[in-house]
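Chain residues, written in single-letter form:
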Amino acid sequence: MEPVVDVRGLRKIYTLGQEEIGALAGVDLRIDAEEFVAVMGPSGSGKSTFMQIVGMLDSPSSGSYHFEGRDVSRLTADERAAIRSSRLGFVFQSYNLLARTTALENVELPLLYATHPVREREQIARAQMQLLGIEHLAKHFSNQMSGGQQQRVAIARALVNGPALILADEPTGALDTKTSDEVMALFGELNRERGITILLVTHEADIAAYAKRIVRFRDGLIISDRINDQQRAA
Amino acid sequence: MIFDATLRPAFTALLRNKARSMLTMLGIVIGVAAVIVTVAIGTGARISVQKSIASLGSNLIVVQPGSITQGGARSGFGGASTLTPADGLAIAQLPGVAAVSPVVSLRTQVVAGGNNWQTFVSGVAPTYSYIRAWPVASGRFFNQSDVQAIAKVAVLGQTVVTQLFPGQSSPIGASVLIKGTPFTVIGTLSPLGQSAMGQDQDDVILIPYSSAMERLTGLKTVNSLMVSSAQASQIDEVQSAITALLVRRHRIVPPEPNDFQVRNLQAIAQAAGSTAQVMEVLLASVAAVSLIVGGIGVMNIMLVSVTERTREIGLRMAVGAPGRSILQQFLTEAIALSSVGGVIGVVVGALGALLVSVLAHWPTQIPLPWVALAVGFAALVGIFFGYYPARKAAALNPIEALRFE
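Note that the structure is predicted; figures quoted are calculated from it, not measured. (Residues numbered from 1 in each chain as written. Chains lettered and ligands numbered in written order. Predicted model: local features only at pLDDT ≥ 70, side-chain atom pairs only at ≥ 80, totals over all residues.)

## Here's the deal with the overall build of chain B
Summing up its helical and strand segments, chain B has 13 helices and 12 strands in all. Counting every position in chain B, which comprises 405 residues, the buried fraction comes to 44%. The contacts of chain B with a sequence gap of at least 6 include a subset with a gap of at least 24, amounting to 81%. (Helix = DSSP H or I, 4+ residues; strand = E, 2+ residues; numbered from the N terminus. Buried ≥ 20, exposed ≤ 12 C-beta atoms within 10 Å, placed from the backbone. Contact = placed C-beta atoms within 7 Å.)

Rendered as structure tokens:
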């Protein structure tokens, strides 16, 4: 089976004025379907840049990136947007739900850009919320929900288009310990029971501990890549 | 789908910020309302000028004697005395002619009882009342048998009635001496008021043209022929038909000049109307400037909105919105703001025009093409001033947009 993500010699160089900053200095990584990978590293290690490139929000300076077997390293912004809308799901630290919009409408949002008819959209979004046990929040606005509830809505939004990969960028960064554990347990469950491939970015070891595999970054390079034999499951 | 991904978010966004949307629209509302009110007043004025000219008679054509040259001296218009009632009868046979009346006019002193008065006496045909759209107020107009009988009957204008019969309830049946000949009053005319040239049109006595020629002037010719064409659209054709007919009847051989001239009042009405229209367009353009100022307000708010919603734009892009979808969303918002503002502006403008006509008694009329033009222009303003902020939104980098605080 094709790996979901296969990067070789990935480099990313930013130019800030005269200075060139190497964010990624040659990364090779392969993520297969149904994997749950945590990317760890201190600030400036390149883990966020890595996630942005894997999430097709950005393109690499050099190196190759094959997503589900297709070379995506040289696509235009709109071509990347099309893949994001159908094959990728994002979960952010700050939830990024639309203000003054209901949970259901937030979950529907990715379907809007994937050309689903209105009726179908609502059905799919409701079904996804039901799977996560949050259908009772459907008519709630963002400011009427707790952090944990908002993050669950955001996870439903990431899952709604049936993506090949979920990218979670510090998904518990704004949550207390108890809620963090609940959200991480949900990720573990999605991976185990629904076989969803997850790429998690975090700098906290006890959050990374929920993943099956932990990859450590430092100075734009992978310094360790190991199977997590003490995977937490809540 | 495009409809769904742009129109709905656009309207939701506008409804979320109701107060701001309303204030932004206000600029457009005022601009469009100003255009509508000025155009309504301008059009109303133009139509009332045309109406007062049209009150001279419906689709009126006037045939007057032309100039003749005698011994090298040219007499000027009216110098030729060549028009006859027979010419009028011939013109009446032309297609498209509704009615013809000869006019024999003279200014003379008239006497009734102890009062006398200098006035215009016009010898006309019974059709004159129809041609001038000038009905009797009391009694009756003279008819064809009065003309044939060269009857001594007269219909008086309201000014003559008040001057000759002050304080009397009705002059009908009374006698008026015109140049020594007694005429019996058989009717009075409804008041017309002043003409477009400021003349008192009610200072007149109408008598049968046959009586005027036979008993007053003693001439075989008339001063003019008034012709009414059946339809306003045919007026030019009728005019040339009359010209051709009279050239034949008067045996005029080119290059001899015509001994008559044919004019229509529509041309005069159009000239007056076009002056009013120039004013109207001028005023409307000034009003349109305020519409552009309103458009700048739309651009300003859209720029604020794009900055404010940077994270939203970043998120929409992250979940797969292509740049053009973001551009459409914000452009739609701008167009919606300005066209809804335009529609409200039309309503406000219409109310304003109504107020002007009720309070100031100015005639106003809102022409539909201008309504469409004003709303269309407002939408165009939205596209023009909304494009820059929308393009700015679409060009955002999703990573930076998501990070924006």
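## A short note on the overall build of chain A
A tally of regular secondary structure across chain A gives 7 helices and 10 strands. The buried share of chain A, taken over its 234 residues, is 46%. Contacts spanning at least 24 positions in sequence make up 68% of the contacts within chain A whose residues lie at least 6 apart.

## Notes on the nonpolar core
As a rule of thumb, nonpolar side chains are buried together in soluble globular proteins. In terms of nonpolar packing, the biggest core is built from 121 residues, with A:V39, A:L199, A:L200, B:V32, B:I36 and B:A374 touching the most fellow members. Setting aside residues no more than four positions away along its own chain, A:L199 makes contact with A:I31, A:V37, A:V39, A:M51, A:V54, A:L165 and A:L167. B:F142, B:F183, B:L206 and B:M213 belong to the second largest nonpolar core, which has 51 residues in total. (Core = buried A, V, L, I, M, F, W, Y, C linked by C-beta atoms within 7 Å.)

## Remarks on the interface of chain B and chain A
Facing the 18 residues of chain B at the interface are 21 residues of chain A. A per-class count over the side of chain B that touches chain A returns 11 nonpolar, 3 polar and 4 charged. (Nonpolar A, V, L, I, M, F, W, Y, C, P; charged D, E, K, R; others polar.)

## Let's talk about the environment of B:S48
All names here are of chain B. By the secondary structure assignment, S48 is in helix α2 (residues 18-54). S48 sits in the partly exposed class, given 15 other C-beta atoms within 10 Å. Separated by 316 residues in sequence, S48 and T364 place their C-alpha atoms 9.2 Å apart.

## Description of the sheet that holds strand β2 (residues 19-31) of chain A
Residue and element names in this part refer to chain A. The strand order across the open sheet built from 4 strands is β2-β1-β4-β5, with neighbouring strands paired in antiparallel fashion. Each edge of the sheet is formed by a strand with only one pairing partner; in this case those strands are β2 and β5 (70-71). Pairing analysis gives 10 bridges linking strand β1 (residues 5-16) to β2, with the strands arranged antiparallel. For V5, the partnering residue across the bridge sits in β2 and is I31. (Pairing = 2+ DSSP bridges.)

## As for the environment of B:E237
Considering the arrangement of structural elements, one finds B:E237 in helix α8 (residues 235-249). Separated by 142 residues in sequence, B:E237 and B:P95 place their C-alpha atoms 9.6 Å apart.

## Here we look at the packing of helix α3 (residues 85-92) of chain B against α8(B)
Residue and element names in this part refer to chain B. Closest axis-to-axis distance for the α3/α8 pair is 10 Å, and the angle between their directions is 135°. Here α8 runs oblique to α3, going by the angle between their axes. Regarding α3 and α8, the two cross each other, and that crossing is right-handed. Only I242, L245, L246 and R249 of α8 make contact with α3, whose side of the interface consists of D87, A90 and I91. A breakdown of the residues in the contact of α3 with α8 according to their chemical character gives 5 nonpolar, no polar and 2 charged. (Axes fitted to C-alpha atoms, helices over the stretch in contact; angles between N-to-C directions. Parallel < 35°, antiparallel > 145°, perpendicular 65-115°, else oblique. Left-handed = near helix turned anticlockwise from the far one by under 90°.)

## Things to note about the sheet that holds strand β10 (residues 221-227) of chain A
Residues and elements named next belong to chain A. Read across the open sheet, the 6 strands follow the order β6-β7-β8-β3-β9-β10; overall the sheet is mixed. The open sheet has two edge strands, β6 (88-91) and β10, and neither has a second partner. The mean inter-strand angle of the sheet, taken between neighbouring strand axes irrespective of direction, is 20°. As defined by bridge partners, strand β3 (residues 36-40) adjoins strand β8 (residues 198-201) across 4 bridges and the pair is classed as parallel. Considered in β8, the bridge of F36 is made with I198. Sitting on the sheet, helix α5 (residues 147-159) is in contact with β6 and β7 (165-169), with an inclination near 170° to β6.

## Side note on the packing of helix α3 (residues 103-112) of chain A against α5(A)
Residues and elements named next belong to chain A. Orientation of α3 relative to α5, taken along the N-to-C sense of each, is 30°, at an axis distance of 7 Å. Considered as vectors, α3 and α5 are oriented roughly parallel to each other. Along this stretch, α3 crosses α5, giving a crossing that reads as right-handed. Together, A103, N106, V107, L109 and P110 of α3 and V153, A156 and R157 of α5 make up the contact between the two elements. Its residues assigned to classes, the contact of α3 with α5 shows 6 nonpolar, 1 polar and 1 charged.

## Topic: unusual backbone geometry
Residue and element names in this part refer to chain A. Backbone geometry places R100, a non-glycine residue, at a positive phi of 50°. Along the polypeptide, R100 turns up in the loop between β6 and α3. Phi is positive for D219, close to 50°, though the residue is something other than glycine. Within the fold, D219 resides in the loop between β9 (213-218) and β10.

## A look at the pairing of strand β5 (residues 115-124) of chain B
All names here are of chain B. Across 9 bridges, strand β4 (residues 97-112) lies against β5 in antiparallel orientation. The partner of S105 across the bridge, within β5, is S122. Here β4 hands over to β5 after 2 residues, with G113 in that stretch at a positive phi of 55°.

## Examining helix α1 (residues 47-54) of chain A
An α-helical turn contains 3.6 residues, so a residue and the one three or four places further along point in the same direction. All names here are of chain A. Counting buried positions along α1 gives 7 out of 8 residues, so the element sits mostly inside the fold. Those residues of α1 that fall on the buried side of the exposure criterion are K47, T49, F50, M51, Q52, I53 and V54. Within two residues after α1, M56 carries a phi angle of roughly 60°, on the positive side.

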